[in-house]
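Tertiary structure, described
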Amino acid sequence: MASFVPTSADTLEDQRLYTRARLTEVACLDCLACVGVKKNSEHHTSVQWDDEAKRHCPEMSRRDRLDGRAVTPACPRLVASIEAAARDGRIPIGAEDGY
Amino acid sequence: MSDVRTLDQGHAPERFARGWHCLGLASTFADRKPHAIEAFGTKLVVWADTQGELNVLDGYCRHMGGDLTQGSVKGDEIACPFHDWRWGGDGKCKTIPYARRVPLRARTQRYETAIVNDQLLVWHDTEGSKADHDILPPQLPGLDEGLYTDWQWSSEHIEGSHCRELIDNVVDMAHFYYVHFAFPTSFRNVFEGHIATQFMESKGRPDKTEGYGDAELFLKSEATYYGPSYMINWLDTDYKGFNTEVILVNCHIPTGPDSFLLQYGITVKKPEGLDDKTTDFIATKYAEMFGSGFLQDVHIWKNKVPVQNPLLCEEDGPVYQLRRWYEQFYVDQAEVKGEMVDRFEFEVDTTKANEYWQDEVAENLRLKAEEDAASESAAESAGAEGEPSLMSGT
Ligand code: FES
Ligand SMILES: [Fe+2]
């Protein structure tokens, strides 16, 4: 059963644009993780993981924040890999009409 | 075909979210009286049994529909005011004082409970699944050890909005400037599994004294939803060099298709060298500020329309991905898709926005200075010192 039901077909296209369009594959330089990355600007980064990528990343499988919080903010090695890819021009930088 | 953008208002979901929902501070239910809580399109009854265990059932008696919340607690059971049927916390009718036997089918809807952070949580799932204790919100370290003040707890009924409006704030970078009067200087989201987090750093706007506006206030905030309705917000505040660690719990119970009960609690880590009274005072102040902060949001929600197809600009947060995450609580467990729970990270670029906002604020201050200079009473009106204020993750 669908939950929040759009009434227009265009909405589905918007959902696709914002969540899936223009993702570039970036492989981690230190592990086997491979993620989808989008950079709308120098400072913006969107990173889409999947299950397999998460299993490969040692940072993600380490769940031991001592302060009771649940989230791993980021994997520093993946962050470095994305920065390197952006520097090398392997990730197009710039937004297409907001997405 | 016109190229005018239309708002797709869509339809609200027909069900209420699956997951743990907080009903309030456990202590408020401990008095051996029945308590009524509107939730999930019905009314629940909450009471404490002889062992002090809290029980939660649907509030309407399965005999003839009597209102159990107006009944009384007799022994371990809740007794209906209509014909005195006695219901146990396991959902079974235990006794009918005037009957030979209790019908085997005398079972009502019960809600599994858990106590976390001094609060009563119940599991809700339209599919009737067993409560998943693995995804309870975490118990805050130091709370039971007395390192924090008692919770300052408040609630607010919201009519005319689906609770997803509240969830949307997790990604809404720009509204912190316009609605809450602060500069979000850094803004990041991570969604994964049943958890959604917002990391934010901000400072108050010097041109505002209401809301969270205050140039001397710096804030580091980490706000995490554990499931659809329970957020813990860790806030490290720096006000004029005075650091306070504040924890805000922001939770809600859906009551109808477009209404919910918002509840929030504040606790403050007791600073060394301060007596409890002073610390409680600080906590009260923060609670008041959060209250007014939520009201700023509420005013927006009350007057806006729902939108399934928000139009975003480059400075906006990941609304679509957040809603994709939130969707997992509204579909059958078997229909939860990988993309709803896969890890997703988003760093908002706040640089340009803050440049524009700094200019705007500078201009506001300049205009205000001009006005003050022009007004003869400028000298008297200058005395209003803003309260130390604080911005939460919503
Ligand atoms: S309706 Fe509750 S006992 Fe009859
Ligand atoms: Fe808000």
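**Re a negative patch on the surface**
Residue and element names in this part refer to chain B. A grouping of Asp118, Asp144, Glu145, Asp150 and Asp280 is seen on the molecular surface, where their side chains present a negatively charged patch. By the secondary structure assignment, Glu145 is in the loop between strand E10 (119-124) and strand E11 (152-159). For Glu145, a relative accessible area of 57% gives the class exposed.

**Some remarks on the packing of aromatic side chains**
Residues and elements named next belong to chain B. Under the counting rule described, the total for this entry stands at 20 aromatic pairs over all chains. Considering the side-chain rings of Tyr264 and Phe294, the 4.7 Å spacing of their centres and the 40° angle between planes classify their relative orientation as tilted. Residue Tyr264 is found in strand E17 (residues 259-268), and its partner Phe294 is found in helix H3 (residues 276-303); the two are separated by 30 residues along the sequence. Residue Tyr264 is classed as buried on the basis of its relative accessible area of 6%. Over the aromatic face of Tyr177 sits the side chain of Arg205, whose NZ or CZ is 4.0 Å from the ring centroid. It is Arg324 that lies over the ring of Phe344; its NZ or CZ is 5.8 Å from the centre.

**Examining the interface of chain A and chain B**
With 39 residues of chain A in contact, the opposing surface of chain B contributes 47 residues. Buried surface at the junction of chain A and chain B, summed over both partners, amounts to about 3,700 Å²; 49% is from carbon and sulfur atoms. Here Arg5(B) ties to Asp14(A) by a salt bridge, and the two come within 2.8 Å at their closest N and O atoms. Where chain A packs against chain B, one counts 18 residue pairs in polar contact (both at pLDDT 80 or more).

**As for the sheet that holds E10(B)**
All names here are of chain B. As summarised here, the arrangement of the three strands in space is E1-E10-E9, forming an open sheet in which the pairing is antiparallel. Both edges of this open sheet fall to strand E1 (19-25) and strand E9 (113-116), since each of them pairs with a single strand only. Neighbour to neighbour, the strand axes of the sheet diverge by 35° on average, direction disregarded. Bridge analysis of E1 against E10 gives six bridges, and the strand direction is antiparallel. Residue pairing for E10: Trp20 is matched across the bridge by Trp123.

**Section: the sheet that holds strand E4 (residues 54-58) of chain B**
Across a sheet, strands are paired by hydrogen bonds formed along the backbone, either parallel or antiparallel in direction. Residue and element names in this part refer to chain B. Taking strand neighbours across the sheet as the criterion, the three strands line up as E2-E3-E4 in an open arrangement whose pairing is antiparallel. At either margin of the open sheet sits one strand with a lone partner, and together these are strand E2 (35-39) and E4. Looking at each pair of strands side by side, their axes are set apart by 30° on average, direction ignored. Where E2 and strand E3 (residues 42-48) come together, five bridges link them in antiparallel fashion. Following the sheet pairing, Ala39 is matched in E3 by Thr42.

**Side note on the domain arrangement of chain B**
Residue and element names in this part refer to chain B. We note that the domain assignment places domain 1 (19-135) and domain 2 (152-370) within chain B. Computed from C-alpha coordinates alone, the two centres of domain 1 and domain 2 are separated by 33 Å. Together, the buried faces of domain 1 and domain 2 total about 1,400 Å²; carbon and sulfur atoms form 57% of this surface. The largest per-residue losses of area from domain 1 upon contact with domain 2 belong to Cys22, Glu38 and Glu127, which jointly make up 30% of the total buried on that side. Applying the counting criterion to the domain 1 and domain 2 interface returns zero salt bridges. Mapped by element, the contributors of at least two residues to the side of domain 1 that touches domain 2 are E1, E2 and E10. Here the element with the most residues in the side of domain 1 that touches domain 2 is E1; it accounts for seven residues. By residue class, the composition of the side of domain 1 that touches domain 2 is nine nonpolar, eight polar and three charged.

**A look at the environment of Arg100(B)**
Counting through the fold element by element, Arg100(B) comes out in the loop between strand E8 (93-95) and E9. For Arg100(B) and Ser72(B), which are 28 residues apart along the polypeptide, the C-alpha to C-alpha distance reads 22 Å.

**Some thoughts on the side chain of Glu112(B)**
All names here are of chain B. Mapped onto the elements of the fold, Glu112 is located in the loop between E8 and E9. One polar contact links the side chain of Glu112 to the main-chain amide nitrogen of Ala131, over a distance of 2.8 Å. Apart from the residues lying within four places of it in its own chain, the contact partners of Glu112 are Trp20, Leu121, Val122, Trp123, Ser129, Lys130, Ala131 and His133.

**Remarks on unusual backbone geometry**
All names here are of chain B. Even without glycine at this site, Asn117 takes up a positive phi of about 50°. Mapped onto the elements, Asn117 comes out in the loop between E9 and E10. Positive phi, close to 50°, is recorded for Lys240, a residue that is not glycine. Take Lys240: it is sitting in the loop between strand E15 (230-239) and strand E16 (242-256).

Calculation criteria
Residues numbered from 1 in each chain as written. Chains lettered and ligands numbered in written order. Predicted model: local features only at pLDDT ≥ 70, side-chain atom pairs only at ≥ 80, totals over all residues. Heavy atoms only, no water. Patch = residues over 30% accessible without salt bridge, like charges linked within 9 Å, V, L, I, M, F, W, Y side chains within 5 Å. Areas by Shrake-Rupley, 256 points an atom, 1.4 Å probe, with all protein chains shown as cover. Salt bridge = Lys/Arg side-chain N within 4 Å of Asp/Glu carboxyl O. Lys, Arg positive; Asp, Glu negative; His and termini not counted. Charge placed at Lys NZ, Arg CZ, Asp CG, Glu CD. Helix = DSSP H or I, 4+ residues; strand = E, 2+ residues; numbered from the N terminus. Buried < 20%, exposed > 50% of the residue type's maximum accessible area, 1.4 Å probe, protein only. Phe/Tyr/Trp six-rings, centres within 6.5 Å; stacked < 30°, edge-to-face > 60°. Lys NZ or Arg CZ within 6 Å of the ring centre and 35° of its normal. Contact = heavy atoms within 4.5 Å. Buried area = accessible area lost by both parts, 1.4 Å probe. Polar contact = N/O pair within 3.5 Å; in protein donor to acceptor, adjacent residues only side chain to side chain. Pairing = 2+ DSSP bridges. Axes fitted to C-alpha atoms, helices over the stretch in contact; angles between N-to-C directions. Domains from an automatic or database assignment. Nonpolar A, V, L, I, M, F, W, Y, C, P; charged D, E, K, R; others polar.

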